[in-house]
Amino acid sequence: MYHPILPALVLALPLAGAIINGVGAFLWREDHRVARWVGPLAVGASFVVVAINFFAMKASGTTAASVVSLWTWIAAGGLHVGVDLQFDRLSMVMMLIVTGVSTLIHVYSIGYMRGDPGFNRFFAYLNLFVFFMLVLVTAASFPLMFVGWEGVGLCSYLLIGFWYENEAYSNAGKKAFIVNRIGDFGFLVAMFIIFGIFGSLDFSQVLPAATGHLRYGDVWATLITLFLFLACMGKSAQIPLYVWLPDAMAGPTPVSALIHAATMVTAGVYLVARTSVLFALAPISQAVVATVGAGTALFAATIATQQWDIKKVLAYSTISQLGYMFLAVGVGAFTAGIFHLMTHAFFKALLFLGAGAVIHSVEHAWHEAGRHGGDPNDMRNHGDLRRWMPVTWITMWSATLAISGVFPFAGFFSKDEVIWKSGVLGYPLLWGVALVAAFLTAGYMARLMALTFHGGENRTGEEARGHLHGAPLAMAVPLVVLGVLSLVGGWIQIPEALPLPHVSALEGWLDPVFEPAHHVMAMHGGAAATAAPLGGGELTWGLISTVVALAVVVWIFLAVVRRRYRPAAESPEPTGLSLVLYRKWYVDELYDRLIVRPLMALWRGCWKIVDDGLIDGTVNGLASGARAVGWVGSQLQSGRLGAYVLLFMVGVLVILGTVAF
Amino acid sequence: MYHSHWILTLLLAIPLAGAFACLGVSGERAGRVALWTTVLEAALALPLFWTFRIGAGSFQNTVSVPWIGAWGIGYRVGIDGISLLMVLLTVVIMPLAVAGSFRYIERHRPAYYASMLVLTTGMLGVFVALDMFLFYVFWELMLVPMYFIIGIWGGERRLYSAIKFFLYTTVGSLLMLVAIAGLVYLHWRSSGTVTFAYAELLNTPISRPVQFWLFAAFALAFAIKVPMFPLHTWLPDAHTEAPTAGSVVLAGILLKMGTYGFLRFGIPLFPRAATSHAVVGLFVTLAVIGILYAAWVAAVQPDAKKLVAYTSVAHLGFVMLGVFGFTAEGLQGGILQMVNHGISTGALFLLIGMLYERRHTRNIADFGGIAKVMPVFAVCLVVVALSSIGLPGTNGFVGEFLILVGTFRTHPLATVIAATGVIFAACYMLPMVQRVILNPLDRQENRELQDLGGRERAILVPLLALILLIGVYPKPFLDRLAPAVDRVLQRVDMLPSVPTARAERALPPGVRLGREAFTANLSGVVDAPPAPAPGPERGS
């Protein structure tokens, strides 16, 4: 029998770290020694506790969830919500990913943020983020999960605008928060409906009872899941709410790696997986999730091909990869979705950290050379950096091949699983879209690597070149660890079709969690096909996709390396389709014209016309009216005797007249 | 002592005594007298939280002494869970408001602090009065000092604002006075005794049409006080022109008079009118309009104080939604949200006041980047702002969530529309926070700002602590509210014309669950005729 070991400690450690560093941000602002140790250690220790729990759970072989009740949170009327933590196989996977990747990124941040005046504050926010993320994945009820859900959003807001004196950065933070709130509205409404139907918001009350209360294809199941998916669109940056994520790159690069690539943005995928049985009951919602996912995967990939900012490429790449995850959970391949979530956490974190090392190096070189202005993120200002940054260069290639889906890197197994499942589970069109997007992925990644690390010519500038440096140790170690994980991370799940030992560690581990959902789908949807939409088995298509991916990588790489680029300042503006893609299909401009400006006009109208004009006009009009009547009355009291007598006579006549008739 | 009956009387008397003492001393010493009076008041009142018997359905600490015997008027006071929280909110806010005035108020200090103390008695009286006449006396008593506080110590347009505030409120309360008289008359006709006792008047048999008229008079008075759209326009002016402490008291406590009035008098006295489809529909609609409309208008305000004033309208809209949703969750959430709003909006006004004392402007555009020079202030502002927009983990979320999750069962569509308020809340609060504490620190005047001092931190700490405490552990507060809320619900439950979830409260737990019962609930609301009383077989 498995009992969670020190469950509260998993969350308490990062929280304690956040508090200590938060205090440090005020009391010992200049002294970064405490934060340097406390920040990573708090998360690392949490990782250790999670790992111990993982092995204990594994040893016990239990498939049930263990719920730890800490205290009663909200109890009113028929609603009872506890601060209850749920340790089951799914939350265990998420905890391992979150604390593991977080620990690496915390270590990296020691190097990246060295010397920043906000060092302590940074680690306070980062620790706090890990705390909320753990609340999100361990919560045993919807409202508690919502605490984590909005909590990570808050940390994201604080960290995007970490360098708050830059107005563009604090704008980006605000945008992220507001767009996410649109999603959170969906989460709220979903909870209202769930409480209305189930009378509870605990997972243990709702999910097992779902098939009893909701029919297959039930309109309420559809509404619940669509509102939940609205929340996912916000948090996990799917069309049409993805617009905040590219701007979120304003935050320090470790933040982009941790929050906006590896963990927080995957919360939506986790939410769908957690409520898989509800989605299984709502085929319409499933189709919506899968379609939006595939659409986002392709759409974001097209934009990524024409960005010059290395972090923007990776941001759109993240949106695109999240699309794959939603495609997976949308078609009902929940394990595949979580699998891709995991491998993506490795290679995308690595790509951001590598990009951070590049930016760090270029920035310092420029600083040393006395150069100001210029964008260290712009890949046209990089070039041939492999000579100075070998560790970054090699590890990033590992991640590039992983994300491109080249055998035997991690991404090959997870992405192939997603694409294959979408094909055999009845979504042929989305299968095709996902394949095309996969080849675009290989293309934009090869372009990124070629521009940044290759080309035989460095574009940072004469004086700066001598100051370029490789990643310092604190930054290099996480790169190497993640580089290895980008290679081997996929080997826990090797399909039977490949001529390799069949491994299904993850599927075996997660199957009990998704069993109810699979059961519903099997009852109503029928069995999965055994061949892809165009014929051919899993092996054939695995082969095709890895060969094509590799071919695209080589083709684009050679094409880019052969071309001569000039530094950003001297480069011409893109034209034609390139410009449209570079401008991100003009979606931000569209939103501004269609939504932001009309709303602002409406709000101003409410204030000036309705409030000041209509309502206050009436009120003040009444007051003036009363004053006018009073004025007339006061004129009658003139003090002249003659007038009084006259009035008196008129009055008498009127009264007499009324009496007489 | 706390089970004895005179604690409430003591609480009413101390501020009055303090007010006289203030008038007797000069200048700054008046402030100190007022501070000590309110601190003593708080120290005396706070133990009530623990001595209050949880789960008891009746009023506690009651006193009933004849006052004007021939008219059946008595000094009758007592508290239930709702009063308890309102009384405690008042005694917590008042010392902070007084301490927050030390730097702001420079003229006629004794009169100012005496007004604040008289105001305290007036507000506490409204919350504890169980006699309609006494209630009305306190109701008017608090109006006068507030009028002077705005009119004498306010900003540039203080006279206009004060008169507007006074007239708006008086129009409502005069009609209420007529209705009280009518109610007493009806009671005399049916029972032969003249009395103003709340408990007696509850038993007055009133015909349905008359209920509507009397309820309308009460409702107008309370709706102005809440304030509900479109009767809210006195509020932005009063808030903006009042001195900091005036705004704090106005938002923190005075605005609760309206919703409290509905809960204590409007609904229980005239349940048939209050729960009729027309009235519920009207109030739910106005509440939802208030939530959205006020948030929109708030989002485009250049003046920080006016912005916060409009957010009050939105927040109180949530409270009204919870009240007129008539569910246990919604009502408890609504009352808790009254407390929450007092804490977070009070804190917001205090923070803006602290800025004003330094820069003599409330124009949002005049600030920017001051997190750099005022980090403690920045942290406080962010925490309070998050509480105001209902971030989970803060008090604001618990209240809003309960309101919405409860009301959804009786008014799903209205609740969903109201829930979009969480988006607009972010739209008004975050830009303000950004433009004040973030962005470049590009003005010379702002570079020299001093961070919060000891007195200012001491004022904010209790509020911040409450924000987090109620956010993580609201149970002690909700526990104290449950019986009072149940009594309100029982009061409206007696009526067959009230559809929806309340009827189900009678069912054994678990029976009301399920899709059929839920959708039946919805159709009961969506279709105009009252839903049939659900039998226990439904939803099984």
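Residues numbered from 1 in each chain as written. Chains lettered and ligands numbered in written order. Predicted model: local features only at pLDDT ≥ 70, side-chain atom pairs only at ≥ 80, totals over all residues. Heavy atoms only, no water.

A.B. asks: It is not clear to me how the packing of helix H9 (residues 219-235) of chain A against helix H12 (residues 267-274) of chain A should be interpreted in this structure. Could you clarify?
C.D. replies: The relative placement of two packed helices comes down to the angle between their axes together with the axis-to-axis distance. All names here are of chain A. Relative to each other, H9 and H12 sit at 160°, their axes nearing to 8 Å. Judged on the interaxial angle alone, H12 and H9 are roughly antiparallel. Along the contact surface, H9 presents Leu 228, Cys 232 and Lys 235, while H12 presents Ala 267, Gly 268, Leu 271 and Val 272. (Axes fitted to C-alpha atoms, helices over the stretch in contact; angles between N-to-C directions. Helix = DSSP H or I, 4+ residues; strand = E, 2+ residues; numbered from the N terminus. Parallel < 35°, antiparallel > 145°, perpendicular 65-115°, else oblique. Contact = heavy atoms within 4.5 Å.)

A.B. asks: How should the pairing of strand E1 (residues 66-76) of chain A be read in this particular structure?
C.D. replies: Put simply, side chains in a regular strand alternate between the two faces of the sheet. All names here are of chain A. Taken together, the nine bridges between E1 and strand E2 (residues 79-87) define a ladder with antiparallel strand orientation. From the neighbouring strand, Ile 74 faces E2, where its bridge partner is Val 81. Taking the residues that link successive antiparallel strands as the turn, the E1-E2 hairpin has two residues, and the phi of Gly 77 there is positive, at about 55°. (Pairing = 2+ DSSP bridges.)

A.B. asks: Even after reading the chapter, I still don't get the nonpolar core, so can you show me in this structure?
C.D. replies: Nonpolar side chains tend toward joint burial in soluble globular proteins. Core analysis: the biggest nonpolar cluster contains 427 residues, and B:Phe262, B:Phe324 and B:Ile437 have the highest contact counts within it. The dominant element in this core, judged by the number of residues it contributes, is helix H16 (residues 334-368) of chain A, at 20 residues. Excluding residues that lie within four positions of it along the chain, B:Ile437 makes contacts with A:Tyr164, B:Gly369, B:Ile370, B:Ala371, B:Phe377, B:Ala378, B:Leu381 and B:Val382. Counting residues in hydrophobic clusters, the runner-up holds 22 residues, among them A:Tyr324, A:Trp431, A:Leu435 and A:Ala438. (Core = buried A, V, L, I, M, F, W, Y, C linked by side-chain atoms within 4.5 Å. Buried < 20%, exposed > 50% of the residue type's maximum accessible area, 1.4 Å probe, protein only.)

A.B. asks: Quick question: what am I supposed to make of the interface of chain A and chain B here?
C.D. replies: Many analyses report the size of an interface as the accessible area lost when the parts associate. Taken together, the contact between chain A and chain B spans 57 residues of the former and 69 residues of the latter. For the pairing of chain A and chain B, the buried interface totals around 5700 Å² over both sides, and the portion due to carbon and sulfur atoms is 72%. Three residues, A:Arg181, A:Phe192 and A:Trp603, lead the burial of chain A against chain B; their summed loss comes to 13% of the area buried on that side. Salt-bridge contacts for B:Lys372 lead to A:Glu165; the nearest nitrogen and oxygen are separated by 2.9 Å. Summed over the shared surface of chain A and chain B, the number is 19 residue pairs in polar contact (both at pLDDT 80 or more). Looking at the side of chain A that touches chain B, the element that brings in the most residues is helix H6 (residues 167-198) of chain A, giving 18 residues. For the side of chain A that touches chain B, a count of residues per class yields 37 nonpolar, nine polar and eleven charged. (Buried area = accessible area lost by both parts, 1.4 Å probe. Salt bridge = Lys/Arg side-chain N within 4 Å of Asp/Glu carboxyl O. Polar contact = N/O pair within 3.5 Å; in protein donor to acceptor, adjacent residues only side chain to side chain. Nonpolar A, V, L, I, M, F, W, Y, C, P; charged D, E, K, R; others polar.)

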